[in-house]
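# Descriptive analysis of the structure
For reference, the chains in residue letters:
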Amino acid sequence: MKDMRGRTIDYMRISITDRCNLRCKYCMPDGIQNVSMDEILTYEEIVAVCMEAAALGIRKFKITGGEPLVRKGCSELIRQIKQIPGVEQVTMTTNGILLKKNLESLLASGLDAVNISLDTLDTKRFREITGFDRLDEVLASIDAAAESGLKVKINSVLQSGLNDGEWNQLLKLAKSKNIDVRFIEMMPIGDGKQCRPVSNQEILGKIEQEYPGVEKDESIHGNGPAVYYRIPGFVGSAGFISPIHGVFCDRCNRIRMTATGELKPCLCYQDAFSVREMVRAGRTDEVRNIISKVILMKPERHCFEQKKDVTESRKMVQIGG
Ligand code: SAM
Ligand code: SF4
């Protein structure tokens, strides 16, 4: 379905939990008051919403959270979404801690690709950023996922004076394996407001200096707003998601659903419309109407460059990153 500005909206991000096994500095360093399990949509309810979304032209779903793999049965949910007529792709965003353990069942479920968040290759710094000593598990998951043939992308959020010096080491994960390394600019959402962002223009400039011959890569790598570059001698590409220094709203193709069943037209604003009671009562026509309304309500653009205009006050873990 198209929104009011002619953009085709065919992608939906679904948070399946607000729980997580890490405490990233910019996401929820001190934890949150988790919502009770009866407020969270069951898998059956999520599938029912996905069926209505698919009927409106949503073709690709991303499973996220919180940490999606802390919720049991995630592979079964993916298998069921994949079976909905019209669905082309189901992918996942994870911190990677539990990925290796779940890889076999995720592959069997038909998972199409995985994004793994990794901000540092340094053990001490990993603890500083995420609160835990679990870097080895993430690295083992990256290797296992790449070796399995699953398409893997690394998502790195750089912070000035913390891990920005690691851009090249992180990028080198794309050197010999078919892994894309993407730098995501810190957004002023939740605790991200207090962090020191790094501009992707600055990182691209450093990459161009270090690797002469870097070229824009126009091939399609995924469903999102990332812009890709090929680096001579690298198998994978460098990607940039630049909400602050490269506003991509004219290409926006997505809506989101929180774990409690609130649909959001845009990450930046507080507007959200709950479908929980409708899906629980089996009023699927109303669910479809709300999805359609949320698509039509999508704003022309976000305002992450103007912190004061951001009206979303929840943390990323509560919305679904
Ligand atoms: N737990 C999973 C993970 O870490 O990949 C999925 C949820 S997490 C909220 C999704 C992504 O959002 C992660 O890559 C994380 O780095 C990113 N993220 C969280 N807060 C952010 C912020 N304020 N600005 C930019 N990215 C953020
Ligand atoms: Fe958890 Fe992902 Fe948030 Fe880190 S970014 S605290 S891994 S939800």
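Now for a quick tour of the structure. (Residues numbered from 1 in each chain as written. Chains lettered and ligands numbered in written order. Predicted model: local features only at pLDDT ≥ 70, side-chain atom pairs only at ≥ 80, totals over all residues. Heavy atoms only, no water.)

### Description of the overall build of the chain
For clarity, the cut-off: Numbering of helices and strands runs from the N terminus, with a helix taken as a DSSP run of H or I at least four residues long and a strand as a DSSP run of E at least two residues long. Using a 1.4 Å probe on the protein chains alone, a residue whose accessible area is under 20% of its type maximum counts as buried, one over 50% counts as exposed, and one in between counts as partly exposed. We call two residues contacting when some pair of their heavy atoms lies within 4.5 Å. For the area figures, the Shrake-Rupley method with a 1.4 Å probe applies, and any residue is considered shielded solely by the protein chains shown. Charged-residue counts in this description rest on Lys and Arg as positive and Asp and Glu as negative, His and the chain ends being excluded. Every charge is mapped to an atom, namely NZ of Lys, CZ of Arg, CG of Asp or CD of Glu.
Counting its secondary structure elements, the chain contains ten helices and twelve strands. C-alpha extents for the chain along the principal axes are approximately 55 × 40 × 40 Å. Across the 321 residues of the chain, 56% fall into the buried class. Contacts in the chain between residues at least 24 apart in sequence constitute 73% of all its contacts with a sequence separation of at least 6. When the accessible surface of the chain is summed, it comes to about 13800 Å², and 48% of that surface belongs to carbon and sulfur atoms. On the chain, the mean spot of the 46 positive side-chain charges and the mean spot of the 43 negative ones are 1 Å from each other.

### Points about the side chain of Ser199
Mapped onto the fold, Ser199 is located in the loop between strand 6 (179-184) and helix 7 (200-210). The exposure class assigned to Ser199 is buried, which follows from its relative accessible area of 14%. The contact partners of Ser199, leaving out residues within four places of it in the chain, are Glu185 and His245.

### Comments concerning empty space enclosed by the protein
The line we're drawing: Within this scheme a cavity is a closed region of a 1 Å grid, computed over the protein atoms alone, that accommodates a 1.4 Å probe without allowing it to escape, whereas a pocket is open but has protein on both sides within 12 Å along at least five of seven lines; lining residues each have an atom within 4 Å of a point. Grid points are joined across faces, edges and corners, and a volume is the space filled by probe spheres set on the points.
Applying the stated rule across the entire model yields one cavity of 30 Å³ or more. Looking at the largest cavity, its volume works out to about 40 Å³. Forming the walls of the largest cavity are Ser156, Leu158, Phe183, Ile184, Glu185, Met186, Val198, Ser199, Asn200 and Ile203. Counting only elements with at least two residues in the lining of the largest cavity, the list comes to strand 6 and helix 7.

### A short note on the packing of aromatic side chains
Two aromatic rings are characterised by how far apart their centres lie and by the angle between their planes. Our working definition: Stacked, edge-to-face and tilted are the three classes for Phe, Tyr and Trp ring pairs, Trp counted by its six-membered ring, which pair at centre distances within 6.5 Å; planes under 30 degrees apart are stacked, over 60 edge-to-face, the rest tilted. A ring is scored as having a charge over it whenever the NZ atom of a lysine or the CZ atom of an arginine sits within 6 Å of its centre and within 35 degrees of its normal.
Per the stated rule, a full pass over the model turns up three aromatic pairs. Taking 5.2 Å as the distance between ring centres and 80 degrees as the angle between the ring planes, the aromatic pair formed by Tyr211 and Phe234 counts as edge-to-face. You can see Tyr211 sitting in the loop between helix 7 and strand 7 (215-217) and its partner Phe234 sitting in the loop between strand 8 (227-230) and strand 9 (238-241), a full 23 residues away along the chain. Judged by centre distance (5.7 Å) and plane angle (80 degrees), the ring pair of Tyr229 and Phe240 falls under edge-to-face. Of this pair, Tyr229 sits in strand 8 while Phe240 sits in strand 9, placing them eleven residues apart in sequence. Grouping residues by exposure puts Tyr229 and Phe240 together as buried. Through pairs of rings, three or more aromatic residues link up here, namely Phe183, Tyr229 and Phe240. Arg71 extends its terminal NZ or CZ atom over the ring of Tyr43, reaching a point 4.1 Å from the ring centre.

### Thoughts on the pattern of salt bridges
Formally: Any carboxyl oxygen of Asp or Glu that lies within 4 Å of a side-chain nitrogen of Lys or Arg is treated as forming a salt bridge with it.
Evaluated as defined, the whole model comprises 22 salt bridges. Residues Arg314 and Glu262 are paired through a salt bridge, measuring 3.4 Å at the closest nitrogen-oxygen approach. Taken together, the residues span a long stretch of sequence, with Arg314 in the loop between helix 9 (284-296) and helix 10 (316-319) and Glu262 in strand 11 (residues 262-264) at a distance of 52 residues. Taking relative accessible area as the criterion, Glu262 reaches 22% and is therefore assigned partly exposed.

### So, the layout of surface pockets
This is how the line gets drawn: Three classes are used: nonpolar for Ala, Val, Leu, Ile, Met, Phe, Trp, Tyr, Cys and Pro, charged for Asp, Glu, Lys and Arg, and polar for all others, with Gly counted as polar.
Reported here for the second largest pocket is a volume of approximately 190 Å³. Breaking the lining of the second largest pocket down by element, the ones donating at least two residues are helix 7 and strand 8. Sorting elements by how many residues they give to the lining of the second largest pocket places helix 7 first, with three residues. Considered class by class, the residues forming the lining of the second largest pocket number six nonpolar, five polar and two charged.

### Let's talk about the sheet that holds strand 12 (residues 273-274)
Adjacent strands of a sheet form backbone hydrogen bonds with each other and so pair up, either parallel or antiparallel. Which entries qualify depends on this criterion: Strand pairing follows a simple DSSP-based rule, namely that at least 2 bridges must link the two strands. In this description, a line fitted to the C-alpha atoms serves as the axis of each element, helices being fitted only across the stretch in contact, and the angle between N-to-C directions of two axes falls anywhere from 0 to 180 degrees.
Read from one edge of the open sheet, twelve strands run 7-8-9-6-5-4-3-2-1-10-11-12, paired in mixed fashion. Either end of the sheet is taken by a strand with one partner, and the two such strands are strand 7 and strand 12. Along the sheet face, helix 9 touches strand 10 (254-257), strand 11 and strand 12 and points at about 25 degrees away from the line of strand 11.

### A look at the site of ligand 2
Which entries qualify depends on this criterion: Residue proximity to a molecule or strand is established when one non-hydrogen atom of the residue lies within 4 Å of it.
Neighbouring residues of ligand 2: Cys20, Leu22, Cys24, Cys27, Met28, Gly66, Asn95 and Val317. Along the lines of polarity and charge, the residues of the shell around ligand 2 split into six nonpolar, two polar and no charged.

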